[in-house]
Amino acid sequence: VAIGGLDSLWILNGGNEKKEMRLGRDALRMGTIVWSVSFVREGLLASGDSTGTVSLWNTKNATLITSILRHEADVLSLCVLNGKIYAAGVDPTIVVIEETSARVWKDTLTKRIVTRDVRSLCSWGNGVYGGGSNERVFTIRTKPQSLYFLPIHSNQAVQCDGKYSLLTNTDHVLICNTKESPSVIAKIFSFHHLPITASCISLDGSIIGMATRESTSLYSFDGNSVIKVRGDLPPSSILICHPSSHLFIVCHNIIYRLETMEGELEEVFRLDCESLITNLSIDISSSSMCLITSRSTAYRITLTSPPSSSSLRVTLPIVSSFSSSSLFILSSYISSPSSPSLFSIHSSSSSSTSSFSSRSLFQSGFISSIASSSLGLLVSSDDSSWSIISPSSQVLSLSSSSKSTNSMERDILSLGFHNDSLRILSTQSLSPSLLPFKSKRFGMQ
């Protein structure tokens, strides 16, 4: 096991055997921190530190082989693929280091192909994957120059399709109105400031749910004050306040329904496998639902007595949403941007009746989120464009982002309809700092 620390790194090899490898005098004087370590092969270790240096060590005799300085700031992550070392960090430059025929380690590529800090790198298959502070995942395939961005799909932490909006942060939620000039009305903190795992708000704002890893709590809101009603519900990863005034709670592989805030939990469905439920959508009549598992499997559940389930034939499903006549499932694309990524499934079928690709919906950008509406399905892209797919599968383009040199990228967090108005909640990305990387220290900005 290799461990990086202040001014040193250590090798632990079974039992109590421990070897310490200390950095040079200059590094000791600067208070250098070893942020990342990675084994290249047996007996060879690579380390990246806060000076922007990648060092290679002989783990058998704890000696330094060579040091390569090509970054202007902290090296936060290292990765090894096919004998090559990939390094990146606060200085958003990808450096590739490999061994020459003369058994000398040299950097063979130094290329700035991202614009923000790179916090993590890993190898898989024939490519290297990385991510950082720009909320995107990039991959370097066979040739290091080829770069593809993959939008990250996750459960939305925002709801804006009702009278009030709910913004979820790490340990608290914010209740905002949805008038022409939105403002924060109330703030609710979780018990013991535990991280919030799920949250929800009803369309009229009267019911607010908030879950942590220990329990789920319910609050009532009258527009002015917030009152905690109960906090004895099981912990959950998904909370849905349905328009039918039912609250749906997902705990691992079980779906519960709560008809009233003071009522008893009713088990609606239990997944008979070891996978977890990662996404849940419910139709407007509350008669059927679609769930997606951690094993990339989608099921349609019919809430009969007893409930019945059927597997849906969709590749790598991410998120689902019901419209008035169909179920839509967003699927991750693998390599080709033109491949189908949004599938439409009729209520009486288990296979897709039509499919939509990112290219057919948007001129640029990829499908990033979907939401049901009274007009059809609302689809947004990662370039701040959105479209509506009507029940007759017609595509209506509502807006396209206008990109200019002075405009900054905006990320759409949530889309919804309320009182025939389209509500869009977005955040404006921070502009990159103009300070040179050498004047900044990671963790001290």
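Note that the structure is a prediction, hence the values are computed from the model and not measured.

Asker: Teacher, can you tell me more about the overall build of the protein here?
Answerer: If you tally the helices and strands in the protein, you get two helices and 41 strands. With 445 residues in all, the protein has 47% of them scored as buried. Once local pairs closer than 6 in sequence are excluded, the contacts in the protein between residues at least 24 apart make up 36%. When the accessible surface of the protein is split by element, carbon and sulfur atoms take 51% of a total near 22700 Å².

Asker: In this structure, what is going on with empty space enclosed by the protein? I would like to understand it.
Answerer: Any empty space left between atoms is shown by rolling a water-sized probe over those atoms. Under the definition given, this model contains two cavities of 30 Å³ or more. Roughly 60 Å³ of volume is contained in the largest cavity. Lining the largest cavity are Ser190, Phe191, Met210, Ala211, Thr212, Ser215, Ser217, Tyr219 and Lys228. Among the secondary structure elements, those contributing two or more residues to the lining of the largest cavity are strand S21 (207–211) and strand S22 (216–221). When its residues are assigned to classes, the lining of the largest cavity shows four nonpolar, four polar and one charged.

Asker: Hey, could you run me through the environment of alanine 2 in this one?
Answerer: Here alanine 2 is to be found in strand S1 (residues 2–4). In this structure the C-alpha to C-alpha distance between alanine 2 and serine 38, which are 36 residues apart in sequence, comes to 7.6 Å. Those residues in contact with alanine 2 that sit more than four places away from it in its chain are Trp10, Ile11, Val37, Phe39 and Leu45.

Asker: How do you make sense of the pattern of salt bridges when you look at a structure like this?
Answerer: Two side chains that carry opposite charge are able to pair once their charged atoms sit near each other. One pass over the full model with this rule turns up eight salt bridges. Between aspartate 232 and arginine 230 there is a salt bridge; the shortest N-O distance is 2.9 Å. Taking relative accessible area as the criterion, aspartate 232 reaches 55% and is therefore assigned exposed. Linking glutamate 267 and arginine 270 is a salt bridge whose minimum nitrogen-to-oxygen distance equals 3.0 Å. Its relative accessible area of 39% is what places arginine 270 among the partly exposed residues.

Asker: Could you clarify how one ought to interpret the sheet that holds strand S7 (residues 63–69) in this entry?
Answerer: Strand order in the open sheet formed by four strands is S4-S5-S6-S7, with antiparallel pairing between adjacent strands. The open sheet has two edge strands with one neighbour each: strand S4 (34–41) and S7. If you compare each strand with its neighbour and ignore which way they point, the axes differ by 20° on average. Judged from the six bridges that link them, S4 and strand S5 (residues 44–49) form a sheet pairing that is antiparallel.

Asker: What should I look at first to understand the packing of aromatic side chains in this one?
Answerer: The description of two aromatic rings rests on the distance between their centres and on the angle between their planes. A complete count under the given rule lists two aromatic pairs for this structure. On the numbers, 6.2 Å between centres and 55° between planes, the contact of tryptophan 124 with tyrosine 129 is tilted. By relative accessible area, which is 64% here, tryptophan 124 ends up exposed. Between tyrosine 164 and phenylalanine 221 the ring centres are 5.3 Å apart and the planes differ by 80°, which places this aromatic pair in the edge-to-face class. Linking tyrosine 164 in strand S17 (residues 164–168) with phenylalanine 221 in strand S22, this pair joins segments that are 57 residues apart in sequence. Here phenylalanine 221 falls in the buried class, since its relative accessible area comes to 6%.

Asker: I tried to follow unusual backbone geometry on my own but got confused; where do I start?
Answerer: Across residues other than glycine, the phi torsion is negative in most instances, and most of the peptide bonds are trans. Cis geometry is found at the peptide bond from serine 305 to proline 306, where omega equals 0°. Here proline 306 shows up in the loop between strand S30 (298–302) and strand S31 (308–312). A positive phi angle is found at histidine 192, which is not glycine, with a value near 60°. Relative to the assigned elements, histidine 192 resides in the loop between strand S19 (184–189) and strand S20 (198–201). We classify histidine 192 as exposed; its relative accessible area is 59%.

Asker: Help me understand the state of the cysteines in this model?
Answerer: What makes a disulfide is a covalent bond joining the sulfur atoms belonging to two cysteines. Per the stated rule, a full pass over the model turns up zero disulfides. Of the cysteine sulfurs around cysteine 200, a residue in no disulfide, the closest is that of cysteine 241, at 3.2 Å. Residue class for cysteine 200 comes out buried when judged on its relative accessible area of 0%.

Asker: What am I meant to see in the side chain of arginine 257 here?
Answerer: Residue position: arginine 257 is located in strand S26 (residues 254–258). For arginine 257, the residues in contact, after removing those within four places along its chain, are His246, Leu247, Phe248, Glu264, Leu265, Glu266, Val268, Ser286 and Leu303.

Asker: Sorry if this is basic, but what is going on with the pairing of strand S38 (residues 386–389) here?
Answerer: Within a regular strand, side chains alternate between the sheet's two faces. Of the two faces of S38, the one holding Trp386 and Ile388 and the one holding Ser387 and Ile389 are both buried throughout. Pairing analysis gives four bridges linking strand S37 (residues 377–381) to S38, with the strands arranged antiparallel. Pairing of serine 380 across the sheet is with tryptophan 386, part of S38. Linking S37 back to S38 in an antiparallel pair, the connection comprises four residues, with serine 384 at a positive phi of about 65°.

Calculation criteria
- Residues numbered from 1 in each chain as written.
- Predicted model: local features only at pLDDT ≥ 70, side-chain atom pairs only at ≥ 80, totals over all residues.
- Heavy atoms only, no water.
- Helix = DSSP H or I, 4+ residues; strand = E, 2+ residues; numbered from the N terminus.
- Buried < 20%, exposed > 50% of the residue type's maximum accessible area, 1.4 Å probe, protein only.
- Contact = heavy atoms within 4.5 Å.
- Areas by Shrake-Rupley, 256 points an atom, 1.4 Å probe, with all protein chains shown as cover.
- 1 Å grid on protein atoms, 1.4 Å probe; cavity = no way out; pocket = protein on both sides within 12 Å on 5 of 7 lines; lining within 4 Å.
- Points joined across faces, edges and corners; volume = space filled by probe spheres on them.
- Nonpolar A, V, L, I, M, F, W, Y, C, P; charged D, E, K, R; others polar.
- Salt bridge = Lys/Arg side-chain N within 4 Å of Asp/Glu carboxyl O.
- Pairing = 2+ DSSP bridges.
- Axes fitted to C-alpha atoms, helices over the stretch in contact; angles between N-to-C directions.
- Phe/Tyr/Trp six-rings, centres within 6.5 Å; stacked < 30°, edge-to-face > 60°.
- Disulfide = S-S within 2.5 Å.

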